[in-house]
Amino acid sequence: MKKRLLAFLMAAVMSLSLLAGCGSTEDGTVTETSQVEETEQVQETGEASSLRTEYPLTIDAYNAEGEVVSVTFESAPERIVSTQLSITELLLELGLKDKIVGIMDNDNAVDAELQAELDDLTSLGYKSTISKESILATDPDIVMGKATLMFTDTAIGTVEDYLDLGINVYTQLASVDVIDQSLENILEDIRTIGMIFDVQEAANAYADSLEEQLTETLQTVSAQADGQEETSVILMAGFQDGTFVAFSSTLHSVMLEAVNAVNVLETGGNGLTLENLISLNPDAIIYVTADRFAETDADAVERLLSEEAIQDVPAIANKKILEIGYDDIMDYGAQIISTVEVLANFLYEE
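Every value quoted in this text rests on a predicted model; they were computed, and no experiment measured them.

**What to know about the nonpolar core**
Nonpolar side chains tend to gather and get buried jointly when the protein is soluble and globular. By size, the foremost hydrophobic cluster in this structure holds 84 residues, and its most contacted members are Ile135, Met144, Leu183, Phe197, Leu251 and Ile286. Phenylalanine 197 has contacts with Tyr55, Ala76, Pro77, Ile80, Leu91, Leu96, Ile142 and Met144, leaving out every residue within four places of it along the chain. Membership of the second largest hydrophobic core comes to 19 residues, among which are Ile234, Met236, Ala246 and Ile316.

This is the structure:
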């Protein structure tokens, strides 16, 4: 674990170091250029060179089965349907609000500032009830969302359905469970979307800031977790009448690994009981709050801590429980980087 953590940290630091700049000779040889030299060059020319996407641009997307599908863009998309809050937030961050022709209602409340932005956009309904026909009615030229959950026959239609209709797709790399996941995939999603929409400078700057934040978090964890065993963690929600829901995904495992922790469950499930919690014996509990559990979430942690049957479970005995919002840990976007920092602070608080 420690080797993997240090390897990831070194890679992140190296990638940040590359931002110091590079140039090339006429024969294509790459040469290093200092930030001071770059600044002087920009001042001399009066303007900085900008990154522009060269079309046609072909990217790899993933269908619901985890198979690679090539998607080619002849130009930057002008009409976007976003099926994920994290994608919508990224599009807003990159200044693409005027290109969004449809979004999905979010399952959970968001802060007032973001809600005001969402209110300006056209909602097509909830993810659980939306149809392919309602999406097609917006005349999109790209539909964006999670690979495995949204692009299915029982949800909004398959990746292939849209491509056959001449509508491009983008599936979040970070949402694909069948590939090697890493937190870098979240940053790659941002950079790739920047290329698709020809807003590379804004996307790269945003990804760079998140990468810097992640690197600082990993450095802190590396120092504090040195020599410690992994903390066993369970992600749970909806605690009521002695039962609860648990979550597990490839990205969750990556997040926990980054903070020297491990999920006690390989797969999530419904209807888990206190007996399950005892047998799993986690050191810490990440309690995921959601609007659909609002009534029981209000005092769920207090009820957990007062359950006599589980007082010997380390997470209960040490009152090691973190409450975190569903979208902060389940939506596969940029917020995950901040959530990793939250997890690190929680696990290593003094």
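From this point, the discussion proceeds with the structure in view.
**Comments concerning the packing of aromatic side chains**
Using the criterion set out here, one finds 2 aromatic pairs in the structure. Residues phenylalanine 151 and tyrosine 162 carry aromatic rings whose centres are separated by 6.1 Å and whose planes lie at 85° to one another, so their mutual orientation is edge-to-face. Linking phenylalanine 151 in the loop between helix 6 (147-150) and helix 7 (159-164) with tyrosine 162 in helix 7, this pair joins segments that are 11 residues apart in sequence. The same class applies to phenylalanine 151 and to tyrosine 162, which are both buried. Plain terms: the ring middles of phenylalanine 247 and tyrosine 326 are 6.2 Å apart, the flat faces sit at 80° to each other, and that makes the pair edge-to-face. Taken together, the positions of phenylalanine 247 in strand 11 (residues 243-247) and tyrosine 326 in helix 15 (residues 326-330) put the pair 79 residues apart, joining distant regions of the chain. With a relative accessible area of 10%, phenylalanine 247 lands in the buried category. Here lysine 320 stacks its cationic end above the ring of phenylalanine 346, 4.7 Å away from the centre of that ring.

**Regarding the sheet that holds strand 9 (residues 168-171)**
Pairing is parallel across the open sheet formed by 5 strands, whose spatial order is 7-6-5-8-9. The two strands at the open ends of the sheet, each matched to only one other strand, are strand 7 (123-126) and strand 9. Averaged over all neighbouring strand pairs, the angle between strand axes comes to 15°, with direction disregarded. Bridge analysis of strand 8 (residues 142-145) against strand 9 gives 4 bridges, and the strand direction is parallel. Residue pairing across strands places valine 143 opposite valine 169, the latter belonging to strand 9.

**A closer look at the packing of helix 3 (residues 85-93) against helix 4 (residues 112-119)**
Put simply, helix 3 and helix 4 touch, their axes get as near as 12 Å, and they point 85° apart. Taken together, the axes of helix 3 and helix 4 lie roughly perpendicular to each other. On helix 4, the residues touching Leu85, Thr88, Glu89 and Leu92 of helix 3 are Leu114, Glu117 and Leu118. Taken together, the residues of the contact of helix 3 with helix 4 break down into 4 nonpolar, 1 polar and 2 charged.

**Examining the pattern of salt bridges**
Evaluated as defined, the whole model comprises 8 salt bridges. Salt-bridge contacts for arginine 52 lead to aspartate 198; the nearest nitrogen and oxygen are separated by 3.0 Å. In this pair, arginine 52 is assigned in the loop between helix 2 (35-45) and strand 3 (57-62) and aspartate 198 in the loop between helix 8 (184-196) and helix 9 (200-224), connecting sequence segments 146 residues apart. One salt bridge connects aspartate 208 with arginine 191, and the closest N-O pair in it is separated by 2.9 Å. Taken together, the positions of aspartate 208 in helix 9 and arginine 191 in helix 8 put the pair 17 residues apart, joining distant regions of the chain. A single salt-bridge network, built from bridges that share partners, covers Lys97, Glu117 and Asp120.

**Describing a negative patch on the surface**
On the surface, Glu65, Glu67, Asp153, Glu160 and Asp164 cluster together into a patch of negative charge. Examined against the element boundaries, glutamate 67 turns out to sit in the loop between strand 3 and strand 4 (68-73). A relative accessible area of 45% means that glutamate 67 is categorised as partly exposed.

**Observations concerning unusual backbone geometry**
Cis geometry is found at the peptide bond from tyrosine 55 to proline 56, where omega equals 5°. By the element assignment, proline 56 lies in the loop between helix 2 and strand 3. We note that asparagine 281 has phi near 55°; this positive angle belongs to a residue other than glycine. Here asparagine 281 is to be found in the loop between helix 11 (274-280) and strand 14 (284-289). Accessibility expressed as a relative area gives 36% for asparagine 281, which makes it partly exposed.

**Here we look at the confidence of the model for the chain**
Confidence in the prediction for the chain averages 87 pLDDT; 86% of positions are at 70 or higher. Segment residues 1-48: pLDDT under 50, and 54 contacts once partners within four positions in sequence are set aside and those in other chains are kept.

**Describing the packing of helix 8 against helix 9**
Angle between the axes and distance between the axes: these two values describe a pair of packed helices. Following both chains from N to C, one finds helix 8 and helix 9 inclined at 170°, their axes separated by 7 Å at the closest point. Between helix 8 and helix 9, the interaxial angle falls into the category roughly antiparallel. By crossing handedness, the relation of helix 8 to helix 9 is classed as right-handed. Where helix 8 approaches helix 9, its residues Glu184, Leu187, Ile190, Arg191, Gly194 and Met195 are matched on the opposing element by Gln200, Ala203, Asn204, Tyr206, Ala207, Asp208, Leu210 and Glu211. Across the contact of helix 8 with helix 9, the residue classes tally to 7 nonpolar, 3 polar and 4 charged.

What counts, and at which threshold
- Residues numbered from 1 in each chain as written.
- Predicted model: local features only at pLDDT ≥ 70, side-chain atom pairs only at ≥ 80, totals over all residues.
- Heavy atoms only, no water.
- Core = buried A, V, L, I, M, F, W, Y, C linked by side-chain atoms within 4.5 Å.
- Buried < 20%, exposed > 50% of the residue type's maximum accessible area, 1.4 Å probe, protein only.
- Contact = heavy atoms within 4.5 Å.
- Phe/Tyr/Trp six-rings, centres within 6.5 Å; stacked < 30°, edge-to-face > 60°.
- Helix = DSSP H or I, 4+ residues; strand = E, 2+ residues; numbered from the N terminus.
- Lys NZ or Arg CZ within 6 Å of the ring centre and 35° of its normal.
- Pairing = 2+ DSSP bridges.
- Axes fitted to C-alpha atoms, helices over the stretch in contact; angles between N-to-C directions.
- Parallel < 35°, antiparallel > 145°, perpendicular 65-115°, else oblique.
- Nonpolar A, V, L, I, M, F, W, Y, C, P; charged D, E, K, R; others polar.
- Salt bridge = Lys/Arg side-chain N within 4 Å of Asp/Glu carboxyl O.
- Patch = residues over 30% accessible without salt bridge, like charges linked within 9 Å, V, L, I, M, F, W, Y side chains within 5 Å.
- Areas by Shrake-Rupley, 256 points an atom, 1.4 Å probe, with all protein chains shown as cover.
- Lys, Arg positive; Asp, Glu negative; His and termini not counted.
- Charge placed at Lys NZ, Arg CZ, Asp CG, Glu CD.
- pLDDT = per-residue confidence, 0-100.
- Left-handed = near helix turned anticlockwise from the far one by under 90°.

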